[in-house]
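Residue-level structure breakdown
For reference, the chains in residue letters:
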Amino acid sequence: MDFRVRASTKEDCRDISRMIMELAVYENMPDQVKISHEELERDGFCQNPFFECLVAEVPEEHKSKDGHTVVGYALYFYTYSTWRGRCIYLEDLYVMQEFRGKGIGKSLLSKVAAVGKEKQCARLNLSVLDWNTPSRDFYAAKGAQDLTDSEGWHFIRFDGKNLDSLANEAPKD
Ligand SMILES: CC(C)(COP(=O)(O)OP(=O)(O)OC[C@H]1O[C@@H](n2cnc3c(N)ncnc32)[C@H](O)[C@@H]1OP(=O)(O)O)[C@@H](O)C(=O)NCCC(=O)NCCS
């Protein structure tokens, strides 16, 4: 099937927002999605964007059952390793179910790798849920290492009240 991978624009934020929810449903955590397409527009398309995003688009004649032509996305941003320097972090990779198995996911992932290489990133990092064996296998087939297995890293988060109280304990200037 014909498709192309391109950098997203502000106008893609409704499609990206729709697919963020579809991915969260797939991951069994739709209640955790609190972001709106307006916030994506603000944060991805400002002077110093918080993220960049690629979308996969099919021609009109191959649109989805619901009439969508933007059928996949890869959202990423830059991080820094004190051991290795510049890194790229893939936050989301998603292809709509009816378009899977056609090479779209692989193209999105490769393009993120190419963007990272272009920016001299030493690593492409991402997280995947334990039970998501198809995606874990997909990444492993492309040569990814599972750091939980090999190095025992845990994925840690502060949010909500815990983040508030931590911030409130900060020394005042
Ligand atoms: C993971 C996902 C993005 C892959 O996209 P896709 O378009 O279906 O994958 P592709 O068609 O590009 O597959 C590319 C290659 O990976 C292989 N592959 C795909 N799924 C695989 C699997 N479960 N196990 C091993 N290899 C797999 C394909 O055989 C193909 O290999 P080839 O290049 O040797 O032919 C897609 O399945 C998806 O959106 N899944 C649900 C959401 C998700 O889990 N996202 C990741 C969250 S971390």
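Structure: see above.
Residues numbered from 1 in each chain as written. Predicted model: local features only at pLDDT ≥ 70, side-chain atom pairs only at ≥ 80, totals over all residues.

This part takes up unusual backbone geometry. The phi dihedral of Asn28 is positive, around 60°, even though this residue is not glycine. Relative to the elements of secondary structure, Asn28 occurs in the loop between α1 (13-26) and α2 (37-44). At Gln120, a position not held by glycine, the phi torsion is positive, near 60°. Residue position: Gln120 is located in the loop between α3 (104-118) and β5 (123-126). (Helix = DSSP H or I, 4+ residues; strand = E, 2+ residues; numbered from the N terminus.)

This part takes up the site of the ligand. Around the ligand sit 19 residues, and of these Arg100, Gly105, Lys106, Pro134 and Asp137 come closest. If you tally residues by element for the shell around the ligand, the top one is helix α4 (residues 133-141), at five residues. Broken down by class, the residue content of the shell around the ligand amounts to 10 nonpolar, five polar and four charged. (Near = placed C-beta within 6 Å. Nonpolar A, V, L, I, M, F, W, Y, C, P; charged D, E, K, R; others polar.)

To continue, consider the nonpolar core. Tyr73, Ala74, Leu108 and Val112 are the most contacted members of the largest nonpolar core, which has 27 residues in total. Contributing elements (two or more residues each) for this core: α1, β2 (52-57), β3 (70-81), β4 (85-95) and α3. In terms of residues, this core owes the most to one element, β3, which gives six residues. (Core = buried A, V, L, I, M, F, W, Y, C linked by C-beta atoms within 7 Å. Buried ≥ 20, exposed ≤ 12 C-beta atoms within 10 Å, placed from the backbone.)

What follows is about the packing of α1 against α2. Two elements in contact, α1 and α2, have axes separated by 9 Å at closest approach and are oriented at 120°. Where α1 crosses over α2, the two elements pack in a sense that is right-handed. Contact residues: Cys13, Arg14, Ile16 and Ser17 in α1; His37, Leu40 and Glu41 in α2. (Axes fitted to C-alpha atoms, helices over the stretch in contact; angles between N-to-C directions. Left-handed = near helix turned anticlockwise from the far one by under 90°. Contact = placed C-beta atoms within 7 Å.)

Take the environment of Glu41 next. Locating Glu41 in the fold gives a position in helix α2. According to the C-beta neighbour criterion, Glu41 is partly exposed, with 18 such atoms within 10 Å. Separated by 31 residues in the primary sequence, Glu41 and Lys10 place their C-alpha atoms 5.5 Å from one another. In this structure, Glu41 is in contact with Lys10 and Cys13, ignoring residues within four places of it in sequence.

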